[in-house]
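Residue-level structural notes
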Amino acid sequence: MQAGSIQGRVAIVTGGGSGIGRATALGLAAEGWTVVAADIDEAAAQETARLVGAAAGQASALRVDVTRDEDCAAMVAQTLTRHGRLDAAFNNAGIAGYPLRTVDHSPAQWQRVIDVNLSGVFHCLRHEIPAMQRQGGGAIVNTASIMGLRGAFGGSAYCAAKHGVVGLTKAAALECGRDGIRINAVCPGYIDTPMTTGEEAIFSDKLLDAGLQRAAIRRLARPEEVADMVVWLCSPRASYVTGASFTVDAGVTAS
Ligand SMILES: NC(=O)c1ccc[n+]([C@@H]2O[C@H](COP(=O)([O-])OP(=O)(O)OC[C@H]3O[C@@H](n4cnc5c(N)ncnc54)[C@H](O)[C@@H]3O)[C@@H](O)[C@H]2O)c1
């Protein structure tokens with residue numbers, strides 16, 4: 001992909017119906033990408049596509065449950081049918097972990113967090129990479145977290161899943177470099193999305209305040225501040241960048 005040649009390029013965004021995914025769908029579309037917003041909440045994905053259209057961008061929507069390998073296969077197949085190509089993918093769908101100590105997780109709770117946050121990324125990669133290989137290249141960004149780089153009291157399943165995403169990103173990047181496919185991860189800190197501040201968020205104000213005490217910039221991020229990093233990683237400007245994990249965390253992991 002050469003610089004300045006975004007027009008006509010196609011990107012999938014999972015978790016595209018909300019938060020960081022929606023902001024990234026809008027950010028990619030503003031740069032000229034045609035975006036497929038994919039989410040388990042199809043109405044939310046459709047709303048993202050509508051917002052992209054309202055901003056004079058190109059987008060379509062589809063339903064995907066990333067825990068189901070067959071859904072991820074269909075997501076890639078439908079993207080190719082609709083738009084003819086796949087140049088970038090943001091594997092971002094995720095759920096919060098349970099605020100439980102390791103021994104208090106039930107096996108089902110543990111499995112759920114791993115299924116969505118880690119196996120979901122694996123399922124996406126399994127189908128995106130062959131499509132990009134056939135095309136001669138592409139760029140993939142996986143959403144990890146600062147919890148993929150450090151521990152958190154009462155966050156073992158989420159930490160394990162997100163550390164897994166960082167490792168999976170490195171291994172897949174090594175495998176795909178010769179195919180012209182770059183694979184990186186983004187590690188957000190505390191972002192103002194429904195996961196963090198919505199009605200069902202697991203973070204209390206007290207917990208968030210405690211997290212932000214470690215930050216150099218003491219506020220939550222706007223989802224667009226993560227999206228900007230992802231849009232750059234997908235672009236030809238990041239042509240020498242692969243296998244890396246980038247924090248967007250106001251310096252939390254610097255402390
Ligand atoms: N918000 C933060 O502070 C923060 C920090 C670090 C990492 N993250 C990560 O960023 C990513 C996006 O989170 P967000 O903050 O935008 O949250 P969000 O809740 O706003 O968005 C998550 C989206 O993922 C979708 N989703 C959930 N399960 C799915 C599934 N099985 N298949 C397909 N889609 C599914 C949801 O419907 C939702 O639209 C997640 O991977 C999350 O772990 C968030």
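Residues numbered from 1 in each chain as written. Predicted model: local features only at pLDDT ≥ 70, side-chain atom pairs only at ≥ 80, totals over all residues. Heavy atoms only, no water.

**A look at the overall build of the protein chain**
Let me state the cut-off plainly: Numbered from the N terminus, helices here are DSSP runs of H or I no shorter than four residues, and strands are runs of E no shorter than two. The reference for a compact globule is 2.2 Å times residues^0.38; the radius of gyration itself is calculated from the C-alpha atoms. Here, two residues are considered to be in contact whenever any of their heavy atoms come within 4.5 Å of each other. In short, Shrake-Rupley with a 1.4 Å probe defines the accessible areas, and a residue's cover is counted only from the protein chains shown.
Across its full length, the protein chain holds eight helices and seven strands. Here the C-alpha radius of gyration of the protein chain, 17 Å, is about what a compact globule of 255 residues would show, namely 18 Å. With respect to the three principal axes, the spread of C-alpha positions in the protein chain is 45 × 35 × 35 Å. Nonlocal contacts in the protein chain, meaning residues at least 24 apart in sequence, comprise 70% of its contacts between residues at least 6 apart. Of the roughly 11,500 Å² that the protein chain leaves accessible, carbon and sulfur atoms contribute 52%.

**Considerations on the pairing of strand β3 (residues 58-63)**
To be explicit about the condition: Pairing between two strands requires that DSSP report at least two bridges joining them. The definition of a right-handed crossover adopted here requires that, viewed with the strands pointing away, the path from the first strand over the helix to the second runs clockwise.
Here strand β2 (residues 34-39) pairs with β3 via six bridges, running parallel. Looking at the pairing, Val35 lines up with Ala59 of β3. With helix α2 (residues 42-54) bridging β2 and the parallel β3, this β-α-β connection has right-handed handedness.

**Quick notes on helix α3 (residues 69-83)**
Formally: Multiply 1.5 Å by the residue count of a helix minus one, and that product is the helix's expected span. Accessibility here uses a 1.4 Å probe with only protein chains present; expressed as a share of the type maximum, an area under 20% marks a residue as buried, one over 50% as exposed, and anything in between as partly exposed.
Along its 15 residues, α3 runs 21 Å from first to last C-alpha, staying within 8% of the 21 Å computed at 1.5 Å per residue. Listed as buried for α3 are Asp69, Asp71, Cys72, Met75, Val76 and Thr79. For α3, the secondary structure elements touched by its buried residues are β1 (10-14), β2, β3 and α4 (107-135). Positive backbone phi, at 85°, marks Gly84, one or two positions downstream of α3.

**A look at the site of the ligand**
Test applied: Any residue with a non-hydrogen atom lying within 4 Å of a molecule or strand is treated as near it. Polar contact is the term for a pair of N or O atoms within 3.5 Å; when the atoms are in protein, one must be able to donate a hydrogen and the other to accept it, and sequence-neighboring residues count only if both atoms are side-chain atoms.
Surveying the vicinity of the ligand reveals 28 residues, the closest of which are Ser18, Ile20, Asp39, Tyr158 and Thr193. A distance of 2.6 Å is found between an oxygen atom of the ligand and a side-chain nitrogen or oxygen belonging to Tyr158. Here an oxygen atom of the ligand and a side-chain polar atom of Lys162 are 3.0 Å apart. Contact with the protein chains covers 92% of the free accessible surface of the ligand, which is 830 Å². Listing elements by their share of the shell around the ligand, those giving two or more residues are α1 (19-30), α5 (156-176) and α6 (194-197). No other element matches the three residues that α6 contributes to the shell around the ligand.

**Description of helix α8 (residues 223-234)**
Helical periodicity: at 3.6 residues per turn, an α-helix aligns residues three or four positions apart in one direction. The terminal C-alpha atoms of α8 lie 17 Å apart, and with 12 residues this matches the ideal 16 Å at 1.5 Å per residue to within 8%. Considered for burial, the residues of α8 that qualify are Pro223, Val226, Ala227, Met229, Val230, Val231, Leu233 and Cys234. The inward-facing, buried residues of α8 contact α1, β4 (88-91), β5 (138-143), β6 (181-188) and β7 (245-248).

**Looking at the sheet that holds β1**
So the rule is basically this: Axes here refer to lines fitted to C-alpha atoms; in helices the fit is confined to the stretch in contact. Angles between the N-to-C directions go from 0 to 180 degrees.
In space, the seven strands of this open sheet follow the order β3-β2-β1-β4-β5-β6-β7, with parallel pairing throughout. The two strands at the open ends of the sheet, each matched to only one other strand, are β3 and β7. If you compare each strand with its neighbour and ignore which way they point, the axes differ by 20° on average. Pairing of β4 with β5 involves four bridges; the strand directions are parallel. Note that in β5 the partner of Asn91 across the bridge is Asn142. On top of the sheet, α1 reaches β1, β2, β4 and β6; it is set at about 170° to β1, its chief contact.

**Structural notes on the pattern of salt bridges**
Under the convention used in this document: A pairing counts as a salt bridge when a side-chain nitrogen of Lys or Arg comes within 4 Å of a carboxyl oxygen of Asp or Glu.
Inspection of the entire model under this criterion finds 10 salt bridges. Residues Arg219 and Glu225 are paired through a salt bridge, measuring 2.8 Å at the closest nitrogen-oxygen approach. Through salt bridges with shared partners, one network takes in Arg63, Arg68, Glu70 and Asp71.

**Comments concerning the side chain of Ser145**
Inspection of the secondary structure puts Ser145 in the loop between β5 and α5. Among the polar contacts listed, one links the side chain of Ser145 to the backbone nitrogen of Met147, at a separation of 2.8 Å.

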